[in-house]
Protein chains: 2
Amino acid sequence: MIAIDWGTSNFRAYRLAADGAVLDKRSAPLGILAVKDGRFAEALESQVRDWLDAGGTPVIMSGMIGSRQGWKEAPYAHCPAGLPEIAAGMVRVEWNRRSAWIAPGLTCRDQSGIADVMRGEEVQILGALDALREPMAWICLPGTHSKWARVEAQRITYFATHMTGEVFAVMKAHSILGRMMSDGTHDMAAFEAGLQRAGDDGGLLHHLFGVRTRGLFGELAAEHAAAYLSGMLIGHELRSVPSQTGVVYVLGAQYLAQLYLHALRIRGFQPSLLDPDAVVKGLARLAALVRD
Amino acid sequence: MIAIDWGTSNFRAYRLAADGAVLDKRSAPLGILAVKDGRFAEALESQVRDWLDAGGTPVIMSGMIGSRQGWKEAPYAHCPAGLPEIAAGMVRVEWNRRSAWIAPGLTCRDQSGIADVMRGEEVQILGALDALREPMAWICLPGTHSKWARVEAQRITYFATHMTGEVFAVMKAHSILGRMMSDGTHDMAAFEAGLQRAGDDGGLLHHLFGVRTRGLFGELAAEHAAAYLSGMLIGHELRSVPSQTGVVYVLGAQYLAQLYLHALRIRGFQPSLLDPDAVVKGLARLAALVRD
């Protein structure tokens, strides 16, 4: 089979054996924003035509490829959802006597009725389910838009998105705070100071201004200010997660996942790291449920 | 005397009679960022030479003109500070046998030892002191960087800055949230919905993402999204202010001050509006204490 993680910025393809072992993999900066005029079939063929010619089926895709801006919109599945519910929401695309499946995203509503969405992360979580040993656990997927998902009995029952990574990026690039930052290696002491600051009263909008005043008074070096801001924002995210108790898993790429693990430990959690390539396993599990 | 409110973006000058009455006023987009090579004396003369020639003294200035990027740095006075302490911190600049005074900014530290600063707002507060009838009151000065100052017995004893306005501006201009916003008149229902959202659990970083999801599901019109975001951010500011009790005054320009008054009332405060031109009175009070 062929598994494809097709996001906003990147295209990642895996050729899998029947037992799910990765035979080959390829990636390209060919996210959906880089595909013009809806030419997704051409884009896919340009990357993995040889695999398709060799009879690699089924083709299973997840991520923003199923969004309104993607190949074909795959309407969101609703929480609670596990493997059967997400598999049931897959939509099929066809071209040149070939076909592929796109996994749906997932949506839920909180107590106030405000909706949240994910697209791609739900398949990563499906791939990680086997590693969860508790009847209830939280999975944190750090990123531009961090996701916190509650998993109970093999189903995602609730999740919340935090714009932590994007707020960091826009404040660094476009606010007065960025003007006092210079490049530097990530300073862990500054990160921890920001994390601690997030625990104070006053709220995030106030804490942010402290990045400026600490710089103004020479109490925060320009090359440490980004790490301080990062710790502050991650600290506010952790302060707001739905539960301060329970088992927490982190599913993410190396560097950011390590930062979150460190922050979670300081905050009193005992987090475990999940396989960052869980999406491949999740796509393989979905593949087993479709018939071409 | 000549009173000058000289900020980052704007220059505002007032010619005052001995009793503080405004005889004339002028303004220009000649903030300190628009003055090149430290030519502040030239900039000042370009705006009010005739007033200076007519013997308008003393000249009293406040705002970012006293910052490190301004004409001459006027070191911050420390809380608690009232008229005598702020007057004592004024610094003098001289050019062509003329001179002017620059008011210092104000600084304080919170319980965690993190500093906060203001520069200009302290003179607005001095000008508003007469209007406060209570032994303790909070003054909210809305803006790019909102200030909340606690005033006790004619002195500013504490204050906190919230980056509410700047976070609004950068998220609207540079984040994924801005991409789903279109221009529109300020929708008060959307503003109030954002304000209410800020009272929920989950934290600001999570609530922000709701601007996107509500738009995605057609529950928030593109032309109302900015008002919703504005209400959410102001709501988070109000949620974090140092005291939920006590008398609150709002000191600011018409439109934003009215928004804050509305939000404060919904949150159960009974706010009063102060004269938005209090800076002129504050500068006049300082003028009475200097000798040229």
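From a predicted model like this one, the values you see are computed outputs, not experimental measurements.

### Concerning the confidence of the model for chain A
Per-residue pLDDT for chain A averages 95, and the proportion of residues at 70 or more is 98%. Reported confidence for the predicted complex is 0.95 by ipTM and 0.95 by pTM.

### Observations concerning the pairing of strand β2 (residues 11-16) of chain B
Residue and element names in this part refer to chain B. Of all 6 residues making up β2, 5 are buried, and the element is well covered by its neighbours. Pairing of strand β1 (residues 2-6) with β2 involves 5 bridges; the strand directions are antiparallel. Bridging from a neighbouring strand, I2 pairs with R15 of β2. Taking the residues that link successive antiparallel strands as the turn, the β1-β2 hairpin has 4 residues. For β2 and strand β3 (residues 22-28), the ladder comprises 6 bridges, and the chain directions are antiparallel. Bridging across to β3, F11 finds its partner in A28. Connecting β2 to the antiparallel partner β3 that follows it, the hairpin turn spans 5 residues, and G20 within it adopts a positive phi of roughly 90°.

### A few points about the packing of helix α4 (residues 164-174) of chain B against helix α7 (residues 225-240) of chain B
Residues and elements named next belong to chain B. Across the interface, α4 lies against α7 with an axial gap of 10 Å and an inter-helix angle of 150°. Here α4 is positioned roughly antiparallel relative to α7, judged by the angle of their axes. Of the two elements, α4 crosses α7, and the hand of that crossing is right-handed. Together, T164, V167, F168, M171 and K172 of α4 and A226, L229, S230, L233, I234 and E237 of α7 make up the contact between the two elements.

### A few points about the interface of chain B and chain A
Residue-level contacts link 37 residues of chain B with 37 residues of chain A. It is helix α6 (residues 204-216) of chain B that contributes the most residues to the side of chain B that touches chain A, 9 residues altogether. Tallied by class, residues from the side of chain B that touches chain A come to 16 nonpolar, 14 polar and 7 charged.

### Quick notes on the relation of the copies chain B and chain A
Expressed as a screw operation, the relation of chain B to chain A combines 0.0 Å of axial shift with a rotation of 180°, fitting to an RMSD of 0.1 Å. Classification of the inter-copy transformation places it as that of a two-fold axis. In terms of proximity to the rotation axis, the leading residue of chain B is B:V170, whose C-alpha is 3.4 Å off the axis. Both copies share a contact surface, since 100% of the interface residues of chain B are interface residues in chain A too.

### Some thoughts on the packing of helix α4 (residues 164-174) of chain A against α4(B)
The N-to-C vectors of α4(A) and α4(B) enclose an angle of 100°; their axes lie 10 Å apart at closest approach. The pairing of α4(A) with α4(B) is recorded here as roughly perpendicular in orientation. For the pair α4(A) and α4(B), the contacting residues are A:V170, A:M171 and A:H174 in the first and B:V170, B:M171 and B:H174 in the second. Within the contact of α4(A) with α4(B), the residues separate by chemical class into 4 nonpolar, 2 polar and no charged.

Conventions adopted
- Residues numbered from 1 in each chain as written.
- Chains lettered and ligands numbered in written order.
- Predicted model: local features only at pLDDT ≥ 70, side-chain atom pairs only at ≥ 80, totals over all residues.
- pLDDT = per-residue confidence, 0-100.
- Buried ≥ 20, exposed ≤ 12 C-beta atoms within 10 Å, placed from the backbone.
- Helix = DSSP H or I, 4+ residues; strand = E, 2+ residues; numbered from the N terminus.
- Pairing = 2+ DSSP bridges.
- Axes fitted to C-alpha atoms, helices over the stretch in contact; angles between N-to-C directions.
- Parallel < 35°, antiparallel > 145°, perpendicular 65-115°, else oblique.
- Left-handed = near helix turned anticlockwise from the far one by under 90°.
- Contact = placed C-beta atoms within 7 Å.
- Nonpolar A, V, L, I, M, F, W, Y, C, P; charged D, E, K, R; others polar.
- Least-squares fit on C-alpha atoms with pLDDT ≥ 70 in both.

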